[in-house]
Amino acid sequence: MVPPYRDEDAHEVPRLRVAPRRRDCFGLTAADVHSAPSMDRKTGKRAAAKTSAQKEVVARMHGVARSFGAGWVLRDVSLEVRAGEVLGIVGPNGGGKSTLLLLLAGLIQPTSGRVEGQPPGRVGLVTARPGLYPLLTGRENLHHFAGLFGLSPQAVDAKAEPLVRALALSASLDTRASTWSTGMQQKLSLVRALLLSPKLLLLDEPTANLDPPVARTLYEEVRKRADEGLACVLVTHDLLAAETFCDRVLLVDGEVLRELAFDARAVPDAGPLLSAWRQAMAAR
Amino acid sequence: MRPWQRIAATEILEQRRQPAMLFILAANYTIWIVLFGVAFWAIDRAIADPDGRAAIEAQLASGGVELDAMVRLSVSTFASLTFTNLPLYVAILAGYSVLHDRSNGTLPFLMLAPLTRRELLFGKLCGAMAIPLALHAVFVGVSCWLLGRIELLAAYPVFGGSSAWWVAFAIGAPASAALVGALGTVISALSTDVRTSMQYTSFFIGILSLVIGYALVDGIVEGTGLELGFALACALLATVALEVGARIVSRDVTG
């Protein structure tokens, strides 16, 4: 378990480490980017004052570095993930975003530094690839993965039922996963991740290859869970999704990790193209 | 159900969903049995008649071969092939077991579960052994029993009946298959692509399977004690291979 949060830990939030005028991978300068506290999505107000000391820290990294062979993917990374927040991770390809997520999941170990995560069964994972057995049905896939945690098929069915219904998968659950669209497979991957009531949900580009409405559905479900207290970390290249669904967004490019400030009130709820898409689909 | 049992059950379920693969495995057994069975039956019928026997012996003698030596070699070859099939099939299935999860994207989700590497490898091995074992029990058991009815082959102990044969059939073949399967499972866990895994599996383990087939038949000829010793040695080596494999297989699933 993660130890209780202490105020003196607050200084461990990463600081700027680049020259103020140097532009990063997004063309941002340090003037555009600064270490910012959590933001309330609805009001746009900084929420750190009311939440940071109160909400439980679910996962934490202290000065973590990770190398693969001779190359360093991450260096001196420190961060915290709190219950009820969606923490966005953005950055260039090869910047170490997925590595950071694997470290939080406990799937790889840091070369140096310390990661305090959650025990098995308390971490949900959704990756860009759904990671299902194609010859098994959706239900059998759920039975298999949840069964590894000791859940009986009956318990899995009972727990999955509301999730499956919410994500409109009920009609296909007993057909083979190989016959499903990528979007359906990814939704089932989310069901699998949420099935064990995790405290930490890790999403690594979960909407890659998904059409926008399905991606939106998936993000909305994640946001809903976060509002109920789940801690989520979302690695994405979709900046609009990060702006819309994340409370905080960190920029990771290997050695530098910092928080990007943005005004949540300025983010449209849904773009006009997405609205038109939905209307056209609804009219069919 | 324990985690390794769950892994094995899913592995078996996936194999059952591929009837073409099961058909090929069963067809391979059937082809060998039909080819050799018909040949043995035909020779048996021919040599029942003294004139026929003399004609065959004369024909073989022209090539410098004795009838008894020819039959003995054929029997040995057939018996070895039947015992080679089990480790070979297990090797093929095991050689793709963990790699299948890696290429499928399911490996990270398995590693998130409270599952040790030893349990993962053991579950995969059990899953890879189940269906080949069932085929072994049906095809080798039935065919050897049937061929043992042919008078020509009654003099050879490799077609059932002797206690050494039963040890080879019920313990030796599964134990040696477990050894080959354990090596295959570890290779599949270390491999990052199908080509590498299949190259190692088919080349290295294919030859090993052939050697095992002949060793089992030789063990039957030599007697129960030697056969039992061979089986126990295989089981011990399989345990060591699995344990060493579990230690060297990285938990990193970034590949």
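My aim in this report is to walk through the structure given alongside it, one point at a time.

For chain B, the helix and strand inventory stands at ten helices and zero strands. In chain B, the order of α-helices and β-strands from amino to carboxyl end is α-α-α-α-α-α-α-α-α-α. Oriented by its inertia axes, the alpha-carbon framework of chain B measures out at about 75 × 35 × 35 Å. Split into buried and exposed, the 255 residues of chain B put 43% on the buried side.

Across its full length, chain A carries eight helices and nine strands. Looking at chain A alone, contacts between residues at least 24 apart form 72% of all its contacts between residues at least 6 apart.

Residues and elements named next belong to chain B. Mapped onto the fold, Ala69 is located in helix α4 (residues 67-94). We classify Ala69 as exposed; it has 11 C-beta atoms within 10 Å. For the pair Ala69 and Ser103, spaced 34 residues apart in sequence, the C-alpha separation works out to 50 Å.

The next subject is the packing of helix α2 (residues 19-48) of chain B against helix α7 (residues 117-147) of chain B. Residues and elements named next belong to chain B. Packing of α2 against α7 brings their axes to within 11 Å, and their N-to-C directions diverge by 10°. If you check the angle between α2 and α7, you find them roughly parallel. Only Ile131, Pro132, Leu135, Phe139, Ser143 and Leu147 of α7 make contact with α2, whose side of the interface consists of Leu22, Leu25, Ala26, Tyr29, Ile33, Gly37 and Phe40. Residue composition of the contact of α2 with α7, by class: eleven nonpolar, two polar and no charged.

With that settled, consider helix α4 (residues 153-166) of chain A. Residue and element names in this part refer to chain A. Helix length check: α4, at 14 residues, gives a terminal C-alpha distance of 20 Å against a target of 20 Å (1.5 Å per residue), a fit within 8%. Where α4 bends most, at Ala160, the angle is about 40°, and the proline Pro162 comes one to four residues later. Those residues of α4 not exposed but buried are Val156, Ala160, Leu163 and Val164. Buried-residue contacts for α4 involve α3 (138-147) and α5 (182-195).

This part covers the nonpolar core. Of all hydrophobic cores here, the largest spans 145 residues; its most connected members are Val191, Leu202, Cys232 and Val233 of chain A together with Val90 and Leu125 of chain B. Among the elements that take part in this core, helix α8 (residues 163-190) of chain B stands out by supplying 16 residues, more than any other. Excluding residues within four positions of it along the chain, Cys232 of chain A makes contact with Val86, Leu87, Leu201, Leu203, Val222 and Ala226 of chain A.

As a further point, take the interface of chain A and chain B. With 21 residues of chain A at the contact, the number on the chain B side is 20 residues. Of all the elements in the fold, those that place two or more residues in the side of chain A that touches chain B are α2 (97-105), β5 (123-126) and α3 of chain A. The greatest single-element share of the side of chain A that touches chain B, amounting to three residues, is contributed by α3 of chain A. For the side of chain A that touches chain B, the per-class residue count stands at 15 nonpolar, five polar and one charged.

With that settled, the discussion passes to the sheet that holds strand β1 (residues 57-68) of chain A. All names here are of chain A. The three strands lie next to each other as β2-β1-β4, forming an open sheet whose pairing is antiparallel. In this open sheet, the two strands that pair with only one neighbour each are β2 (71-82) and β4 (112-116). Across the sheet, the mean angle from the axis of one strand to that of its neighbour is 15°, orientation sign disregarded. Bridge count between β1 and β2: eight bridges; the pairing is antiparallel. Across the sheet, residue Phe68 finds its bridge partner in β2, namely Gly71. On the sheet, α2 packs against β1, β2 and β4 and is oriented at approximately 125° with respect to β1.

Moving on, we come to the packing of α4 of chain A against α5 of chain A. The description of two helices packed together rests on the angle between their axes and the distance between the axes. Residue and element names in this part refer to chain A. As a packed pair, α4 and α5 sit with axes 10 Å apart at the nearest point and diverge in direction by 130°. Viewed along their axes, α4 and α5 adopt a mutual orientation that is oblique. Handedness of the crossing formed by α4 with α5: right-handed. In this structure, α4 contributes Val156, Lys159, Ala160, Leu163 and Val164 to the contact, and α5 contributes Val191, Leu194 and Leu195.

Residue and element names in this part refer to chain A. Alternating positions in β5 separate into two faces, Val123 and Leu125 on one and Gly124 and Val126 on the other, with burial throughout. Relative to strand β6 (residues 200-204), β5 runs parallel, the two sharing four bridges. Pairing of Gly124 across the sheet is with Leu201, part of β6.

With that settled, the discussion passes to unusual backbone geometry. Residue and element names in this part refer to chain A. A positive phi angle, near 55°, is found at Ala168, a position not held by glycine. Structurally, Ala168 can be placed in the loop between α4 and α5. According to the C-beta neighbour criterion, Ala168 is exposed, with 12 such atoms within 10 Å. Phi at Ser197 is positive, roughly 50°, even though this residue is not glycine.

Checked against the element boundaries, Tyr133 of chain A lands in the loop between β5 and α3. Judged by local crowding, Tyr133 of chain A falls into the buried class, with 22 C-beta atoms found within 10 Å. Expressed as a C-alpha distance, the spacing of Tyr133 of chain A and Pro119 of chain A, which sit 14 residues apart in the sequence, is 25 Å. If we ignore the near neighbours within four places in the chain, the residues touching Tyr133 of chain A are Asn141, His144 and Ala177 of chain A together with Thr10, Glu14, Asn104 and Thr106 of chain B.

The rules behind each value
- Residues numbered from 1 in each chain as written.
- Chains lettered and ligands numbered in written order.
- Predicted model: local features only at pLDDT ≥ 70, side-chain atom pairs only at ≥ 80, totals over all residues.
- Helix = DSSP H or I, 4+ residues; strand = E, 2+ residues; numbered from the N terminus.
- Buried ≥ 20, exposed ≤ 12 C-beta atoms within 10 Å, placed from the backbone.
- Contact = placed C-beta atoms within 7 Å.
- Axes fitted to C-alpha atoms, helices over the stretch in contact; angles between N-to-C directions.
- Parallel < 35°, antiparallel > 145°, perpendicular 65-115°, else oblique.
- Nonpolar A, V, L, I, M, F, W, Y, C, P; charged D, E, K, R; others polar.
- Expected span 1.5 Å × (residues − 1).
- Bend = angle between axes of the 7 residues up to and from the residue.
- Core = buried A, V, L, I, M, F, W, Y, C linked by C-beta atoms within 7 Å.
- Pairing = 2+ DSSP bridges.
- Left-handed = near helix turned anticlockwise from the far one by under 90°.

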